[in-house]
Amino acid sequence: MKPCDCALTHTPRRVVLTGGPGAGKTAVLELIRLFFCTHVRTLPEAAGIVFGGGFPRGGRTEALQAAQRAIYSVQRALELAAEGDNSAVLLCDRGTVDGAAYWAGGGDLLSAVNTTLEIELARYDTVIHLRTPTSPAAYNHQNPLRHESIEEASAIDARIKERWEGHPRRFFVDATEDFLIKASHVLALLRDEVPKCCRHHVRTFLWDGHARIKP
Ligand SMILES: [Zn+2]
Ligand SMILES: [Zn+2]
């Protein structure tokens with residue numbers, strides 16, 4: 001992140017960056033770190049902490065559900081831990097609602113963790129959804145898929161879209177042949193979430209109808 005001398009008090013906006021597998025979220029997060037100031041705080045992905053920490057992947061339905069409950073709890077805890085540091089934007093690498101798209105078996109995640117969709121949607125000011133590419137060509141320019149086929153990735157992406165239905169401020173960023181166009185679109189959306197006092201670090205301009213970013 002860029003150093004920033006802004007000494008104003010910020011009211012943090014909680015922004016979710018989400019999307020199906022292969023949408024390029026990780027690459028976009030790398031760019032965000034280059035373009036935005038230290039008051040844009042990026043939280044780690046809860047699923048990465050849970051699985052990276054050794055929680056078993058796969059197995060019986062009960063085990064899959066337990067993993068999603070653990071991810072939900074870690075996400076809540078990460079958001080709580082990030083409060084009070086005068087961030088302008090708390091950028092969440094997925095939010096609590098995403099786990100519902102990965103829920104297996106009967107019931108649903110949100111009732112399993114004693115919450116409601118309304119409560120969880122209200123946690124976030126803005127949702128930016130990076131769509132998963134639907135053509136194999138687009139994948140070549142982006143992160144390789146790890147576990148899912150293109151069809152599976154698309155199905156997960158559609159479920160994520162469905163779960164966040166009803167959020168009042170949601171943006172979709174379609175996959176593009178040129179990944180940088182997609183990435184600059186996300187950066188332009190995120191820039192609008194940053195208060196003016198910290199926004200001067202990032203300048204955008206329009207070209208071919210697409211938002212572009214200049215450092
Ligand atoms: Zn500021
Ligand atoms: Zn700043």
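Fair warning: this is a prediction, and the values are worked out from it, not measured in the lab.

Participant: In this structure, what is going on with the overall build of the protein? I would like to understand it.
Facilitator: In terms of helices and strands, the protein carries eight helices and seven strands. Out of the 215 residues in the protein, the part that is buried amounts to 47%. For the protein, the share of sequence-separated contacts (at least 6 apart) that also reach a separation of at least 24 residues comes to 77%. As presented, the protein carries roughly 10,600 Å² of accessible surface, and 54% of it is formed by carbon and sulfur atoms.

Participant: When you look at the coordination of the zinc ion (ligand 1) in this model, what are you seeing that I'm missing?
Facilitator: Put simply, the ideal angle at a metal is 109.5 degrees for four donors in tetrahedral geometry and 90 or 180 degrees for six donors in octahedral geometry. Only Cys6 (SG), His10 (NE2), Cys197 (SG) and Cys198 (SG) from the protein coordinate the zinc ion (ligand 1), and they sit 2.1 to 2.5 Å from it. Coordination geometry of the zinc ion (ligand 1): the four donor atoms subtend angles of 100 to 123° at the metal centre, consistent with an arrangement described as tetrahedral. Counting residues between consecutive donors of the zinc ion (ligand 1) along the chain gives the motif C-x3-H-x186-C-C. A gap of 4.3 Å separates the zinc ion (ligand 1) and the zinc ion (ligand 2), which Cys198 links by coordinating each metal. On the basis of relative accessible area, Cys197 is assigned to the partly exposed category, the value being 26%. Overall, the relative accessible area of 3% leaves Cys198 in the buried class.

Participant: Where do I start with the pattern of salt bridges in this structure?
Facilitator: When the charged atoms of two side chains lie near each other, side chains of opposite charge can form a pair. Applying the stated rule across the entire model yields 16 salt bridges. Across the pair Lys25 and Asp93 runs a salt bridge, and its minimum N-O distance is 2.4 Å. Of this pair, Lys25 sits in helix 1 (residues 25-35) while Asp93 sits in strand 3 (residues 89-93); the two residues are 68 residues apart in sequence, bridging distant segments of the chain. Residue Lys25 shares its accessibility class with Asp93, and that shared class is buried. In this structure, Glu62 engages Arg60 in a salt bridge whose closest nitrogen and oxygen atoms are separated by 3.5 Å. Here the residues in one salt-bridge network are Arg14, Arg76, Glu79, Glu83, Glu120 and Arg123, joined through shared partners.

Parameters and conventions
Residues numbered from 1 in each chain as written. Chains lettered and ligands numbered in written order. Predicted model: local features only at pLDDT ≥ 70, side-chain atom pairs only at ≥ 80, totals over all residues. Heavy atoms only, no water. Helix = DSSP H or I, 4+ residues; strand = E, 2+ residues; numbered from the N terminus. Buried < 20%, exposed > 50% of the residue type's maximum accessible area, 1.4 Å probe, protein only. Contact = heavy atoms within 4.5 Å. Areas by Shrake-Rupley, 256 points an atom, 1.4 Å probe, with all protein chains shown as cover. Donors = N, O, S within 2.8 Å, 3.2 Å for Na, K, Ca; no water. Tetrahedral: all angles 85-135°; square planar, octahedral: opposite > 155°, others 65-115°. Salt bridge = Lys/Arg side-chain N within 4 Å of Asp/Glu carboxyl O.

Nothing here speaks to function; it is geometry throughout.
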